[in-house]
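# Analysis of the macromolecular model
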Amino acid sequence: MDKLKLLWDCRMQFIEGLGITLLISVGAVIIGFFIGVLVATIRICPKNNIFIKILDKICGVYITVIRGTPVLVQLLIMANVVFASLEFLDTNIIVPILSFGINSGAYMAEIIRGGIESIDKGQMEAGRSLGLSWVTTMIKVVIPQAIKVVVPTIFNEIIIMIKETSIVSYIVVLISGEQVRDLLAVADKQGMSTGFYMEFIFTAALQYLAVVMLLTLVQKLVEKRFKKNER
Amino acid sequence: MSDKEMVLSIKDLKKSFGSHEVIKGIDLDVCKGDVVAIIGLSGCGKSTFLRCINCMETPTSGSIVFEGEDLVTTKDLNLHRSKIGMVFQHFNLFNNLTVLDNICLAPLIYAKKQIKKEIGFWHFKQKSLAIKDAKKRVQEQALDLLKLIGLEEKANAYPSTLSGGQKQRIAIVRSLAMQPKVMLFDEPTSALDPEMVGEVLELIKKLASSGMTMLVVTHEMGFAKEVANKVLFIDEGVIKEQNTPQEFFTNPQNERLKEFLSKVL
Ligand SMILES: Nc1ncnc2c1ncn2[C@@H]1O[C@H](COP(=O)(O)OP(=O)(O)OP(=O)(O)O)[C@@H](O)[C@H]1O
Ligand SMILES: [Mg+2]
């Protein structure tokens, strides 16, 4: 019972930690999704001028580099190289949000591109043959079908990323010398200082689990919504 | 035939994929009401030729004059394309839309475009009334087309619930909804179960006898004989022979055609 009371006494720290974890996650998802849509669009659109071709190459390099290096390394580079000189910013939050956002963007881009490319080419051709533009056919025909394909994988990517944010607590010094006080960091610190390490870590685990389960629920709802049309 | 109105005029059409030249110079004039059957061995470039006509494949060189404009260089390809119906081997109905919406999508988008141009951006009320009107008109037209093929009860069904024959007939009327000047058919019955070929050919015949201009890539020799007024044999990227169906099938000149016909007839 003492243990429970101890954990309860630390509830404010836990809430703050969970808040930080969610803040990083939500920020990263927004950035990642935005980048993903943009990059996927560039990669699939008809390459009919040199400007698009160059952008396409850049996007290709971005995806290769991001997917080819560990997210931990990306975090360290972001913290120690890119943001090293910007001391006036609260880099402890911005660095993880940006790092995970940029990381997630590469995966989202590939998921979205894969989803759109999985739709039969005949759908686009039929639209074009009726005199509709590429953009109109994309919006009215291809994307609505691709969304259904992509939703489960996007959620999967989001879930993986939320859990992955827990590594930020182990990069103790980003720049300011302070630890990022996310959910795991709080559990780690309080667990150490109270001497009930496992209890605190388990509590953190339960909170991650709760977030992921909640998200899975949302996923089910979204999937149901998109399944409504079409038998 | 020479006094008939010209619909399509194709001059020296060539198409290569990389270094592989598939179409090596085809000339063809299509007049109003013509039904042109296109036959040839598999892989000879029949589909490529047909797809070049509405620039689904951009020709490497040559010209395709339609409605007084060269489709290869025109600025408004989409508008011209909307007047060229295309029917695919695999139907390509929009899977995310009901049958009715499949038929209405393109006409509605064009109607809205027209309304925006005529009424102007700022007259919201007037515009929304006009759009409502257009929607009703387009839907009525779509239902009429569905009645024509006896599928009006499928208006709210999704394509996944239809048979191949039904899908293809709906794909045909979807093209018709744009009131095309010419229709391109690429093996419209090749993907169908045998018992459904009849209903689709029947509809195409009906269209032909109503005066629709069309080019049909087909392996149905009986259909070519019966419905076409001109048959083309494409081989090695050119038209090796073109004639009326009687002459074409009873008195072929080209050696390769003779061989081909002896195999398929
Ligand atoms: N997008 C493409 N890229 C590269 N080569 C192509 C492409 N489309 C067609 N080809 C080639 O062009 C040639 C003609 O193909 P096409 O589909 O026009 O033949 P077809 O006469 O329609 O054959 P089938 O009777 O099998 O439909 C083939 O050798 C094919 O490999
Ligand atoms: Mg073909």
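Scroll up a little and you will see the structure.
The structure reproduced in this document is the subject of the present report.

Rules used in this analysis
- Residues numbered from 1 in each chain as written.
- Chains lettered and ligands numbered in written order.
- Predicted model: local features only at pLDDT ≥ 70, side-chain atom pairs only at ≥ 80, totals over all residues.
- Heavy atoms only, no water.
- Helix = DSSP H or I, 4+ residues; strand = E, 2+ residues; numbered from the N terminus.
- Rg over C-alpha atoms; globule rule 2.2 N^0.38 Å.
- Contact = heavy atoms within 4.5 Å.
- Areas by Shrake-Rupley, 256 points an atom, 1.4 Å probe, with all protein chains shown as cover.
- Lys, Arg positive; Asp, Glu negative; His and termini not counted.
- Charge placed at Lys NZ, Arg CZ, Asp CG, Glu CD.
- 1 Å grid on protein atoms, 1.4 Å probe; cavity = no way out; pocket = protein on both sides within 12 Å on 5 of 7 lines; lining within 4 Å.
- Points joined across faces, edges and corners; volume = space filled by probe spheres on them.
- Nonpolar A, V, L, I, M, F, W, Y, C, P; charged D, E, K, R; others polar.
- Phe/Tyr/Trp six-rings, centres within 6.5 Å; stacked < 30°, edge-to-face > 60°.
- Buried < 20%, exposed > 50% of the residue type's maximum accessible area, 1.4 Å probe, protein only.
- Lys NZ or Arg CZ within 6 Å of the ring centre and 35° of its normal.
- Expected span 1.5 Å × (residues − 1).
- Polar contact = N/O pair within 3.5 Å; in protein donor to acceptor, adjacent residues only side chain to side chain.
- Buried area = accessible area lost by both parts, 1.4 Å probe.
- Salt bridge = Lys/Arg side-chain N within 4 Å of Asp/Glu carboxyl O.
- Patch = residues over 30% accessible without salt bridge, like charges linked within 9 Å, V, L, I, M, F, W, Y side chains within 5 Å.
- Near = heavy atom within 4 Å.
- Pairing = 2+ DSSP bridges.
- Axes fitted to C-alpha atoms, helices over the stretch in contact; angles between N-to-C directions.

When helices and strands are tallied, chain B shows nine helices and ten strands. Taking 265 residues into account, the globule formula puts the C-alpha radius of gyration at 18 Å, and chain B, at 20 Å, falls close to it. With the C-alpha coordinates of chain B rotated into their principal frame, the extents come out at 65 × 40 × 40 Å. Once local pairs closer than 6 in sequence are excluded, the contacts in chain B between residues at least 24 apart make up 65%. Entry remark: accessible area of chain B is about 12200 Å², with carbon and sulfur atoms responsible for 50%. Within chain B, the 33 negative side-chain charges are centred at a point lying 8 Å from the centre of the 35 positive side-chain charges.

A water-sized probe, rolled over the atoms, reveals where empty space remains. Considered as a void within the structure, the largest pocket measures approximately 580 Å³ in volume. What lines the largest pocket is a set of 23 residues, and nearest its centre among them are Ile44(A), Pro46(A), Met124(A), Arg128(A) and Trp134(A). Looking at the lining of the largest pocket, the elements with two or more residues in it are α5 (91-117), α6 (121-129) and α7 (134-164) of chain A together with α2 (77-81) of chain B. Split into classes, the residues belonging to the lining of the largest pocket amount to twelve nonpolar, two polar and nine charged.

The subject of this paragraph is the packing of aromatic side chains. Tallying each qualifying case throughout the model produces four aromatic pairs over all chains. Ring geometry for Phe14(A) and Phe200(A): centres 5.8 Å apart, planes at 20°, overall stacked. Taken as a pair, Phe14(A) in helix α2 (residues 11-44) and Phe200(A) in helix α9 (residues 197-227) lie far apart in primary sequence, 186 residues in all. Considered together, Phe14(A) and Phe200(A) belong to a single accessibility category, that of buried residues. Each ring, one from Phe233(B) and one from Phe260(B), has its centre 5.5 Å from the other, and the planes form 40°; the classification is tilted. Of this pair, Phe233(B) sits in strand β9 (residues 230-235) while Phe260(B) sits in helix α9 (residues 255-264), placing them 27 residues apart in sequence. Given a relative accessible area of 0%, Phe233(B) falls into the buried group. On the accessibility criterion, Phe260(B) (6% relative accessible area) is buried. The ring of Phe226(A) carries Arg225(A) above its face, with NZ or CZ at 5.4 Å from the centroid. The ring of Tyr110(B) carries Lys113(B) above its face, with NZ or CZ at 4.5 Å from the centroid.

Its 19 residues give helix α3 (residues 50-68) of chain A an end-to-end C-alpha distance of 27 Å, which sits within 8% of 27 Å, the value for a rise of 1.5 Å per residue. Structurally, the start of α3(A) carries an N-cap: the backbone nitrogen of Phe51(A) is 3.0 Å from a side-chain oxygen of Asn49(A).

Taken together, the 24 residues of chain B in the interface contact 20 residues of chain A. The junction of chain B with chain A conceals about 2000 Å² of combined surface from both sides, 57% of it contributed by carbon and sulfur atoms. Our enumeration of links across chain B and chain A arrives at one salt bridge. With a closest N to O distance of 2.8 Å, Glu125(A) and Arg51(B) form a salt bridge. Our enumeration of links across chain B and chain A arrives at eight residue pairs in polar contact (both at pLDDT 80 or more). Of all the secondary-structure elements, those providing two or more residues to the side of chain B that touches chain A are α2, β6 (84-87), α3 (99-119) and α5 (164-176) of chain B. Its residues assigned to classes, the side of chain B that touches chain A shows twelve nonpolar, nine polar and three charged.

This part is about a nonpolar patch on the surface. Residues and elements named next belong to chain A. A cluster of nonpolar side chains, Ile50, Phe51, Ile54 and Ile58, forms an exposed patch at the surface whose accessible area comes to about 450 Å². For Ile54, the position within the fold is in helix α3. Assessed through its relative accessible area of 48%, Ile54 is described here as partly exposed.

Residue and element names in this part refer to chain B. Near ligand 1 there are 13 residues, and of these Ser42, Gly43, Lys46, Ser47 and Thr48 occur at the shortest range. Contact between ligand 1 and Cys44: an oxygen atom at 3.3 Å from a main-chain N or O atom of the residue. Between Glu187 and ligand 1, the recorded distance is 3.2 Å, taken from a side-chain N or O atom to an oxygen atom. For ligand 1, whose unbound accessible area comes to 630 Å², protein coverage reaches 59%. Considering each element in turn, the shell around ligand 1 owes the most residues, three residues, to helix α1 (residues 46-53). Considered class by class, the residues forming the shell around ligand 1 number four nonpolar, seven polar and two charged.

As a general point, the strands of a sheet are linked pairwise by backbone hydrogen bonds and lie either parallel or antiparallel. Residues and elements named next belong to chain B. Here six strands make up an open sheet; going across it, the order is β6-β7-β8-β3-β9-β10 and the pairing mixed. Single-partner strands in this sheet number two, and they are β6 and β10 (238-243). The average undirected angle you get between the axes of adjacent strands in this sheet is 20°. With four bridges connecting them, β6 and strand β7 (residues 182-186) associate as parallel partners. What sits directly across from Val87, in β7, is Phe185.

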